[in-house]
Amino acid sequence: MKIHRLVGAVALALSLAACGTSQSATEAGTKTAESADTVLKIGASPVPHAEILNFVKQNLAPAAGLKLEIVEFTDYVQPNVQLDEGQLTANFFQHKPYLDDFNATKGTKLSFVAPVHLEPLGLYSKKITNVSALASGATVALPNDATNLGRALKLLADNGVITLKAGAGTAATERDVTGNPKNLQFKPLEAAQLPRSLEDVDAAVINGNYAIEAGLKPATQALVLEKTAGNPYVNGLVVPAGHEKDANIVTLGKLLQDQKVKDFIQQKYEGSVIPAE
């Protein structure tokens, strides 16, 4: 009888130990899952966005209790598609006019939450050193996405190369060109392809991030460069609508606007990327 009781007690103890182990494993799994949930997965263009995020990741995020995973994209579509699908926590590569157009045309609901920097759009060439030297009939490559196309045409108009219909604004297209004294031929291309097009065209209007990535120096090599005053094309942090006030997003937005980040931008990019005011 005593032997049976002893065996029963041992079995009960083993059962309780197993339950305890199972419960501990469950709790550990839950903690691991919670820890994983605190990682912010941010989509970004390699230059300068991912570089800025890596500065934040290494120098500011640990003290703020944030863990960043940076996913790099070389196009302007997938970072928004994946953010809308829930594969990213946020992204950092675009300005608000582009986001507004993307939401309107794709039916997404993404929200611009924190302005960080401006990448001035510039006109570049390997054939001329002054915008006035553009020959009659010269070919000029432009970004083909709606907002940056209008932005590129405005840059040319602001510098007297062409004139645009009054009120054309950021939605301007070639149809809004009312004056083209040099009969320039416009060649819209995907923004990422513009630096490579310099070998084949007379000049190209190139987005700041792609210019820097290609080794161009906007502050010194652009024939003409966007002015920063009143410029609506500041790049910033974007999240799905409804997540603008999430604690981690608010914290990340503040870190991206920190003076240390502004100093990093000014020192690293020497005027080719400008901190938002």
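Treat the numbers as computed from the prediction; the structure is a model and nothing was measured.

Turning next to the overall build of the protein chain. For the protein chain, the count of helices and strands is 11 helices and 13 strands. Here the protein chain, with 277 residues, has 46% of them falling under the buried criterion. For the protein chain, the proportion of contacts with a sequence separation of at least 24, taken over those separated by at least 6, is 74%. Entry remark: accessible area of the protein chain is about 14100 Å², with carbon and sulfur atoms responsible for 52%.

One can find Val250 in helix α10 (residues 247-256). The sequence separation of Val250 and Val113 amounts to 137 residues, and the corresponding C-alpha distance is 8.5 Å. Not counting residues within four places of it along the chain, the set of residues in contact with Val250 comprises Glu244 and Lys245.

What follows concerns helix α11 (residues 259-269). All of the buried residues along α11 are Val261, Phe264, Ile265 and Tyr269. What you see down the axis of α11 is that its buried residues fit within an arc of 100°, all on one side. Summarising the geometry of α11, the exposed residues directed more than 90 degrees from the buried face are Lys260 and Gln267. Close packing links the buried residues of α11 with α2 (46-59), β4 (110-118), α8 (208-213), α10 and β13 (274-275). N-capping of α11 is provided by Asp258, with a side-chain oxygen placed 2.8 Å from the backbone N of Lys260.

A word on α2. Taking 1.5 Å per residue as the helical rise, α2 with its 14 residues ought to reach 20 Å, and the 18 Å between its terminal C-alpha atoms agrees with that figure. Along α2, the positions that sit buried rather than exposed are Pro46, Val47, Pro48, His49, Ala50, Ile52, Leu53, Phe55 and Val56.

This part is about the side chain of Asn148. Relative to the helices and strands, Asn148 resides in helix α6 (residues 146-158). The class of Asn148 is buried, set by a relative accessible area of 2%. Polar contacts involving the side chain of Asn148 include one to the side chain of Asp145, which spans 2.9 Å. Asn148 has contacts with Tyr76, His95, Tyr98, Leu121, Pro143 and Asn207, leaving out every residue within four places of it along the chain.

Below, the discussion takes up the confidence of the model for the protein chain. Parts of the model with low pLDDT should not have their predicted coordinates read in detail. Overall, the prediction assigns the protein chain a mean pLDDT of 88, with 87% of residues at 70 or greater. Within the model, the stretch residues 1-37 combines pLDDT values under 50 with 1 contact to residues more than four positions away or in other chains.

A separate point is the packing of α2 against α10. At a minimum axis distance of 10 Å, the contact between α2 and α10 shows a crossing angle of 105°. The angle between α2 and α10 places the two elements in the roughly perpendicular class. Seen from α2, the contacting residues are Ile52, Leu53 and Val56; seen from α10, they are Leu252, Leu255 and Leu256. A per-class count over the contact of α2 with α10 returns 6 nonpolar, no polar and no charged.

So, how was this worked out
- Residues numbered from 1 in each chain as written.
- Predicted model: local features only at pLDDT ≥ 70, side-chain atom pairs only at ≥ 80, totals over all residues.
- Heavy atoms only, no water.
- Helix = DSSP H or I, 4+ residues; strand = E, 2+ residues; numbered from the N terminus.
- Buried < 20%, exposed > 50% of the residue type's maximum accessible area, 1.4 Å probe, protein only.
- Contact = heavy atoms within 4.5 Å.
- Areas by Shrake-Rupley, 256 points an atom, 1.4 Å probe, with all protein chains shown as cover.
- Arc of directions from axis to C-beta.
- Polar contact = N/O pair within 3.5 Å; in protein donor to acceptor, adjacent residues only side chain to side chain.
- Expected span 1.5 Å × (residues − 1).
- pLDDT = per-residue confidence, 0-100.
- Axes fitted to C-alpha atoms, helices over the stretch in contact; angles between N-to-C directions.
- Parallel < 35°, antiparallel > 145°, perpendicular 65-115°, else oblique.
- Nonpolar A, V, L, I, M, F, W, Y, C, P; charged D, E, K, R; others polar.

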